[in-house]
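Secondary and tertiary structure notes
Take a look at the letters that make up each chain.
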Amino acid sequence: MFMNRTSSVETTVGLASSEETVASRSDACASSSRHIVNALTIDLEDWPIAVLGPQHEISGRVVENTRRLLQLLSWHHVRATFFVLTRVALRFPELVQEVHAAGHEIASHGHGHELLTTISPRRFEQDVRTSIEVLTQLTGQRPLGYRAPAFSIVPSTRWAGPILADLGFRYSSSIFPIRHPRYGIPDAPNAIHRWANCDLIECPVATVRALGRNWPVAGGGYFRLLPGMLARGALRWVHRQGRPAVVYLHPYELDVGGVSFHKDEGLSVSLRRHLTQALFRGRMEHRIHRLLECFTFTTLEDLLRRNRIQAGADRMSHPEQASAGQHRGAAGAVVRASLPRS
Ligand SMILES: [Zn+2]
């Protein structure tokens with residue numbers, strides 16, 4: 001059973017920044033934020049299948065959009081976790097190999113993007129097995145992390161955790177601890193925690209707490225639609241709670257003409273959806289630059305390793321100081337992790 005035990009989580013993140021990257025960052029960024037290591041995650045998927053439904057084909061736009069994102073990450077020397085939808089991987093295997101070759105973590109976003117709330121546990125297991133096979137074949141490595149389509153691990157689909165653990169996953173980033181009509185577990189911890197019924201670590205995406213509830217700010221449409229200062233302020237708020245932030249982005253959010261293109265190709269898109277999905281895409285590139293200038297990011301796998309968080313028994317370790325001048329991708333950092341189960 002999920003219980004809110006956030007207050008008992010102890011997670012401290014360490015120093016990690018190189019002189020070169022610090023020098024290149026804007027003075028407008030709070031200096032304290034540069035020293036907290038966060039996780040950057042990308043859901044590698046195409047817009048129609050992700051937003052309109054799993055019946056849609058994969059379009060070539062995912063390739064160009066992902067390459068633009070790769071360029072941004074490369075410019076800022078940031079490694080991220082890519083949760084890859086393996087229907088995209090089968091259509092464009094070279095794209096996934098390109099992401100992997102650039103040093104990013106390849107994790108699973110499942111195969112067909114069917115929401116867990118719409119399928120049986122058996123079908124879910126088949127979907128995830130397929131994604132593991134595809135990714136392992138493409139990269140030579142079994143994925144350690146999983147993110148459910150549209151964060152569809154909700155109270156009624158908690159059965160997914162033990163299945164993921166049995167399939168060998170170490171962590172999931174599938175629970176959005178917010179109240180939302182289609183997803184979310186509002187009383188789930190908003191810090192990294194362990195599942196109660198299996199050997200799996202959960203890494204929720206960042207939320208801020210205000211007016212007695214958790215609010216989404218640091219990813220996807222929320223990151224695109226809310227003022228940039230609000231999103232950056234939210235990350236600093238998360239840091240003040242002693243936690244790293246898990247941020248998520250989609251390649252298609254950089255695709256300014258994407259929604260119109262898909263409509264021209266014959267997809268039916270309501271006016272409301274067109275507006276909410278296409279609005280402010282033109283400012284995403286600048287916004288991502290600012291995000292990567294102001295904060296330090298790494299992969300989820302690396303974030304867990306730095307904090308000595310492993311599936312299995314809790315580990316306590318002594319803090320280590322990263323030495324000055326280390327490249328932030330390699331800097332040691334880290335900490336105490338005594339995680340609650342929930
Ligand atoms: Zn998705």
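The next point concerns the overall build of the protein chain. Counting its regular elements, the protein chain contains 13 helices and 14 strands. Residue pairs in contact within the protein chain that sit at least 24 positions apart in sequence constitute 78% of those at least 6 positions apart.

For the rest of this paragraph, the subject is the pairing of strand E9 (residues 207–210). Direction of pairing for E9 relative to strand E10 (residues 213–216): antiparallel, over a ladder of four bridges. Note on E10: the bridge partner recorded for arginine 209 is asparagine 214. Between the antiparallel neighbours E9 and E10 lie two residues, among them leucine 211 with a positive phi of about 55 degrees.

A separate point is helix H3 (residues 61–75). For H3, built from 15 residues, the straight-helix expectation of 21 Å at 1.5 Å per residue is met to within 8% by its first-to-last C-alpha distance of 21 Å. Within H3 the residues assigned to the buried category are Val62, Asn65, Thr66, Leu69 and Leu73. An end-on view of H3 places all buried positions within 95 degrees of arc, on one side of the element. H3 presents Gln71, Ser74 and Trp75 as exposed residues on the side facing more than 90 degrees away from its buried surface. On its buried side, H3 packs onto strand E2 (37–44), helix H4 (86–91) and helix H5 (93–101). Positioned one or two residues after H3, histidine 77 has a phi angle of 55 degrees, which is positive.

With that settled, consider the nonpolar core. Counting 77 residues, the largest nonpolar core has Phe82, Val84, Ala206 and Ala218 as the members making the most contacts within it. Not counting residues up to four positions away in its chain, the partners in contact with phenylalanine 82 are Ile42, Leu44, Val99, His104, Glu105, Ile106 and Ala107. Formed by five residues, the second largest nonpolar core is a distinct cluster that contains Ile49, Ala50, Val51 and Tyr252.

Our next topic: the pairing of E2. Of all eight residues in E2, eight are buried; the element is thus mostly enclosed. Residues Val37, Ala39, Thr41 and Asp43 line one face of E2 and the alternating positions Asn38, Leu40, Ile42 and Leu44 line the opposite face, and both faces are buried. Inspection of the sheet shows E2 paired to strand E12 (residues 296–298) by three bridges, in the parallel sense. Within E12, the residue paired with asparagine 38 across the bridge is phenylalanine 297. Bridge count between E2 and strand E11 (residues 246–249): four bridges; the pairing is parallel.

Within the secondary structure, isoleucine 201 is located in strand E8 (residues 201–202). The buried category is assigned to isoleucine 201, around which 24 C-beta atoms lie within 10 Å. Between the C-alpha atoms of isoleucine 201 and serine 173, which are 28 residues apart in sequence, the distance is 8.5 Å.

Let's shift gears to helix H9 (residues 228–240). The terminal C-alpha atoms of H9, which comprises 13 residues, lie 19 Å apart, in line with the 18 Å expected from a rise of 1.5 Å per residue. For H9, the set of buried residues is Ala231, Arg232, Ala234, Leu235, Val238 and His239. Seen from one end, H9 has its buried residues packed into an arc of 150 degrees, which puts them on one side. Across from the buried face of H9, at angles greater than 90 degrees, the exposed residues are Met229 and Arg240. Packing partners of the buried residues in H9 comprise E9, helix H8 (220–225) and helix H12 (284–294). Backbone geometry just downstream of H9 places glycine 242 in the positive-phi region, at approximately 85 degrees.

Okay, the environment of threonine 139 next. Mapped onto the fold, threonine 139 is located in helix H6 (residues 121–139). Along the backbone, threonine 139 and valine 99 are 40 residues apart, and their C-alpha atoms lie at a distance of 9.9 Å.

The next subject is the confidence of the model for the protein chain. Predicted coordinates in areas of low pLDDT are best not read in detail. Overall, the predicted model of the protein chain reaches an average pLDDT of 82, with 81% of residues at or above 70. Taken as a whole, residues 1–27 scores under 50 in pLDDT and shows 76 contacts with residues more than four places along the chain or in a different chain. For residues 313–337, every residue scores under 50 in pLDDT, and the model assigns this stretch 61 contacts once sequence neighbours within four places are set aside.

Here we take up the environment of methionine 284. Relative to the assigned elements, methionine 284 resides in helix H12. As for methionine 284 and valine 256, which are separated by 28 residues in sequence, their C-alpha atoms are 9.1 Å apart. With sequence-adjacent residues up to four places away left out, methionine 284 is seen in contact with Arg224, Glu253 and Leu254.

The next thing to look at is unusual backbone geometry. Phi at histidine 77 takes a positive value of approximately 55 degrees, unusual for a residue other than glycine. Note on placement: histidine 77 falls in the loop between H3 and strand E3 (81–84). Among the residues examined, histidine 77 registers 16 C-beta atoms within 10 Å and is labelled partly exposed. Phi at leucine 211 is positive, roughly 55 degrees, even though this residue is not glycine. Here leucine 211 lies in the loop between E9 and E10.

Calculation criteria
- Every chain's residues receive numbers from 1 upward, in the order its sequence appears when written.
- Totals for whole chains, interfaces and linings use all residues, but because this is a predicted model, local features are given only for residues with pLDDT of at least 70 and pairs of side-chain atoms are given and counted only at 80 or more.
- For the purposes of this entry, the term helix denotes a DSSP run of H or I that reaches at least four residues, the term strand denotes a run of E that reaches at least two, and both are numbered from the N terminus.
- Here contacts are defined at the residue level, using C-beta atoms placed from the backbone and a cut-off of 7 Å between them.
- Any two strands with at least two DSSP bridges between them are considered paired.
- The length a helix should cover is 1.5 Å for every residue beyond the first.
- Buried means a residue has 20 or more other C-beta atoms within 10 Å of its own C-beta, exposed means 12 or fewer, and partly exposed covers the counts in between; C-beta atoms are placed from the backbone.
- By arc we mean the arc of the directions from the helix axis to the C-beta atoms, nothing more.
- Any nonpolar core is a set of buried residues, restricted to Ala, Val, Leu, Ile, Met, Phe, Trp, Tyr and Cys, that join up through C-beta atoms within 7 Å.
- Predictor confidence is given residue by residue as pLDDT, running from a minimum of 0 to a maximum of 100.

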